[in-house]
Amino acid sequence: MADNIDIKVEFTGGLEMLFSDKRNHKISLPAVDSDGQPANVAFLIKYLCENVMKSQKKDLFVLDGSVRPGILVLINDADWELEGEDQYELQAGDNVVFVSTLHGG
Amino acid sequence: MPPQLCTHCKTARAQILRPKNHSRLCAACFTSVFESEVAATITSTALFHPGERIAIGASGGKDSCVLASVLKTLNDRYKWGLDLVLLSVDEGITGYRDHSLDAVRRNAKELDLPLHIVSYEELYGWSMDQVVAQIGKKGNCTYCGVFRRQALDRGAARLGVRHVVTGHNADDVAETVLMNLLRGDLMRLGRATGIVTSTPAAAVDGLKDADGDDGAGAGGEVGITNVKRSKPLMYAYEKEIVLYAHHKKLDYFSTECIYSPEAFRGSARTLIKNLERIRPESILDVVRSGIEMARLVPEADGGCRGACGAKGAKKEVIQPDDEDEGNGGCGTGNGRGSGGEMAEMERKLLMDERAEEMGTETEIQPRPVQNGVGADGVKGRQEATPAPHPASTTIVPVRPKKKDGAPRAAVALPGKQTLGRCERCGYLSSQAVCKACVLLEGLNKSRPRTAIAVDASHG
């Protein structure tokens, strides 16, 4: 059994600055969460906050347990609302993009 | 879960859930629908005329980047014959604007559009970095907002362009509507919700028609005040603008202005985004409500707020409205919130005289309203409407004016103000000296000291 699933995570629209100013990240995510449930996007978000984010400004990414309103999440280039939002179960090779709409234009 | 199919083409995988109507579209259908809707906004409001020269206020951010891309696409597709040019303002904010201007340069190349950059430094002798060094981070957005408006107008004038389009989106408009509601400032709704905002100042000297064909300076030279503004994306969700940029792989810059305080607007923004999550239609509904309310408020748009009473008049000259209204300086992009109340008041004054000539303006505010004490303007309207006058008095303490006491005195003009030009720079102003010149005067007065200090610190 694979213990980890490898996915690609991209931060854009200004979120890069919370993640070492790096846009593309390769993440090897535990295949199951601490409760033994398959890793979903909610788990990924938690994982990113705890393990990848370098900035202290966590609330610019997560608010009240979910991604801050105004940040779009794309799962394999589709709105996460179409994919089950944070309950979407991640598969190896998935591409998850977090785009902030909160910055000036 | 099985992939959902695009409700439009019914073949490709759905990738976008549209906030306005919950339809699910694939990227290709979304792109095409988004473009068609912007085209519909433009044609239904008769925003442009064939062959019109249009300057796109380009900040390098997502909104103006999408605006430029869509306008270029539509112009080519529908053969509108628009002469498009990118116009950027360099505020002189190191670490912010320099990077975003690089993005604009790449856009210009990509879209094959000419780019013109005007800088605060060349126009005013002050970059924003210098202004901030002078006055501190607090309140600097006032300067930036006031300067930007003129900068865009001056840039447009140099290019011989009478019409500047900006990338304001539905979320921006909804934010502004909410902010105006939260402040009890219904007078401003017209400006917030009108697709065309400033009036061609050809009307100013009463010599010309609103179409500006014989505007200031013959031979293609456009007077600096003879520039109108519009926001073709005002019905487009910010989410969709970002997704459009994403799916079209547009190259934009996204970092907040390093000086942006985001105070009041930030809260309104958070509110809007929270609402969107619960009920996405809310954003366009707020926009629509703003438009409807603007119709109901006599003199919405500034009107007599200054002219009709000494207290109200205090608001006219220096308005540190930056932190909220003046998204202008706050990293939200070129031309946003630009002129503050000055422009809005000026527009109102113009409308007093010219409303009947301005189709789009009249749509925002159905009748020209007299600027006097309201009897004329309010006549025949609902009882509730006289409220603005007391309201404007109560606003004053809420938005304290900390500086430049002197100019205020000059503002307590009796009755209807006449619109003229700033005696120093010639910019459209109802005051003898325009807002930018007043701000500059303050800056320049204290410059010698600071200049020495700055030199010393460098040296």
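If you look chain B up in an unreviewed UniProt entry, it shows as Cytosolic thiouridylase subunit Ctu1 from Zalaria obscura.

As annotated in an unreviewed UniProt entry, chain A carries the name Ubiquitin-related modifier 1 and is attributed to Zalaria obscura.

Asker: Is there a simple way to explain the overall build of chain B in this structure?
Answerer: Summing up its helical and strand segments, chain B has 19 helices and 9 strands in all. Residues counted as buried form 61% of the 459 residues belonging to chain B. Across chain B, contacts joining residues at least 24 apart in sequence account for 75% of those joining residues at least 6 apart. Accessible area for chain B stands at about 17200 Å²; split by element, carbon and sulfur atoms hold 57% of it.

Asker: Just to check I follow, could you spell out the sheet that holds strand β7 (residues 95-100) of chain A for this structure?
Answerer: Picture the strands of a sheet paired through backbone hydrogen bonds; they go either parallel or antiparallel. Read from one edge to the other, the open sheet built from 5 strands follows the order β2-β1-β7-β5-β6 (chain A), with strand pairing classed as mixed. Strand pairing shows two members of the sheet lacking a second neighbour, β2 (24-30) and β6 (78-79) of chain A, which therefore form its edges. In the sheet, strand β1 (residues 4-12) of chain A pairs with β2(A) via 7 bridges, with the strands oriented antiparallel. Along β2(A), the bridge assignment pairs A:V9 with A:H25. Sheet contacts for helix α1 (residues 41-52) of chain A: β1, β2, β5 (71-75) and β7 of chain A; angle to β2(A), the most-contacted strand, approximately 110°. Helix α9 (residues 238-247) of chain B rests against β5, β6 and β7 of chain A of the sheet, and its axis sits at about 45° to β5(A).

Asker: It is not clear to me how the packing of helix α1 (residues 27-44) of chain B against α9(B) should be interpreted in this structure. Could you clarify?
Answerer: Axis angle and axis distance: for two packed helices, these are the angle between their axes and the distance between the axes, and together they describe the pair. All names here are of chain B. Where α1 meets α9, the axes come as close as 10 Å, and the angle between the chain directions of the two elements is 125°. Relative to α9, the element α1 is oriented oblique. For the crossing formed where α1 meets α9, the hand is left-handed. Contacts between α1 and α9 involve A27, F30, T31, F34 and E35 from the former and E240, I241, L243, Y244 and H247 from the latter. Per-class residue counts for the contact of α1 with α9 are 6 nonpolar, 2 polar and 2 charged.

Asker: Help me understand the environment of B:H163, please; the structure alone is not making it clear to me.
Answerer: Residue and element names in this part refer to chain B. Tracing the backbone through its elements, the reader meets H163 in strand β6 (residues 163-165). Spatially, the C-alpha atoms of H163 and R53 are 7.1 Å apart, while their sequence positions differ by 110 residues. Leave out the neighbours within four places in its chain, and H163 touches L47, F48, E52, R53, I54, A55, V227, K228, R229 and S230. Within the structure, the side chain of H163 is placed 2.9 Å from the side chain of E52, a separation counted as a polar contact. A polar contact of 2.7 Å, which involves the side chain of H163, links it to the side chain of S230.

Asker: What is the right way to look at the state of the cysteines in this model?
Answerer: Disulfide: a covalent bond connecting the sulfur atoms of a pair of cysteines. Residues and elements named next belong to chain B. Taken as a whole and judged by the stated rule, the model has 0 disulfides over all chains. Of all cysteine sulfurs in the structure, the one in C437 sits closest to C422, which takes part in no disulfide; the separation is 3.7 Å. By relative accessible area, C422 is classed as buried at 4%. This cysteine, C434, is not joined by any disulfide, and C425 carries the nearest cysteine sulfur, 3.6 Å off. Given the relative accessible area of 0%, C434 is considered buried.

Asker: Explain the packing of aromatic side chains here, please?
Answerer: For the coordinates displayed, the defined rule picks out 14 aromatic pairs over all chains. With a centroid separation of 4.2 Å and an interplanar angle of 20°, the aromatic rings of B:Y124 and B:F147 are classed as stacked. Of this pair, B:Y124 sits in helix α4 (residues 120-124) while B:F147 sits in helix α6 (residues 140-159), placing them 23 residues apart in sequence. Considered together, B:Y124 and B:F147 belong to a single accessibility category, that of buried residues. Every member of this aromatic cluster is reached through a ring pair, and the members are A:F11, A:F19, A:F61 and A:F98.

Asker: What exactly am I supposed to notice about the interface of chain A and chain B here?
Answerer: Each partner contributes residues to the interface: chain A has 26 residues there, and chain B has 33 residues. Summing the contributions of chain A and of chain B, the shared interface buries around 2300 Å²; its carbon and sulfur component is 51%. One salt bridge in this structure joins B:K239 and A:E81, with 3.5 Å as the shortest N-O distance. Linking chain A with chain B are 12 residue pairs in polar contact (both at pLDDT 80 or more), by the criterion used here. At the level of elements, β4 (66-67), β5, β6 and β7 of chain A are the ones that each hand at least two residues to the side of chain A that touches chain B. A per-element tally of the side of chain A that touches chain B places β5(A) first, with 4 residues. By residue class, the composition of the side of chain A that touches chain B is 11 nonpolar, 10 polar and 5 charged.

Cut-offs used in this document
Residues numbered from 1 in each chain as written. Chains lettered and ligands numbered in written order. Predicted model: local features only at pLDDT ≥ 70, side-chain atom pairs only at ≥ 80, totals over all residues. Heavy atoms only, no water. Helix = DSSP H or I, 4+ residues; strand = E, 2+ residues; numbered from the N terminus. Buried < 20%, exposed > 50% of the residue type's maximum accessible area, 1.4 Å probe, protein only. Contact = heavy atoms within 4.5 Å. Areas by Shrake-Rupley, 256 points an atom, 1.4 Å probe, with all protein chains shown as cover. Pairing = 2+ DSSP bridges. Axes fitted to C-alpha atoms, helices over the stretch in contact; angles between N-to-C directions. Parallel < 35°, antiparallel > 145°, perpendicular 65-115°, else oblique. Left-handed = near helix turned anticlockwise from the far one by under 90°. Nonpolar A, V, L, I, M, F, W, Y, C, P; charged D, E, K, R; others polar. Polar contact = N/O pair within 3.5 Å; in protein donor to acceptor, adjacent residues only side chain to side chain. Disulfide = S-S within 2.5 Å. Phe/Tyr/Trp six-rings, centres within 6.5 Å; stacked < 30°, edge-to-face > 60°. Buried area = accessible area lost by both parts, 1.4 Å probe. Salt bridge = Lys/Arg side-chain N within 4 Å of Asp/Glu carboxyl O.

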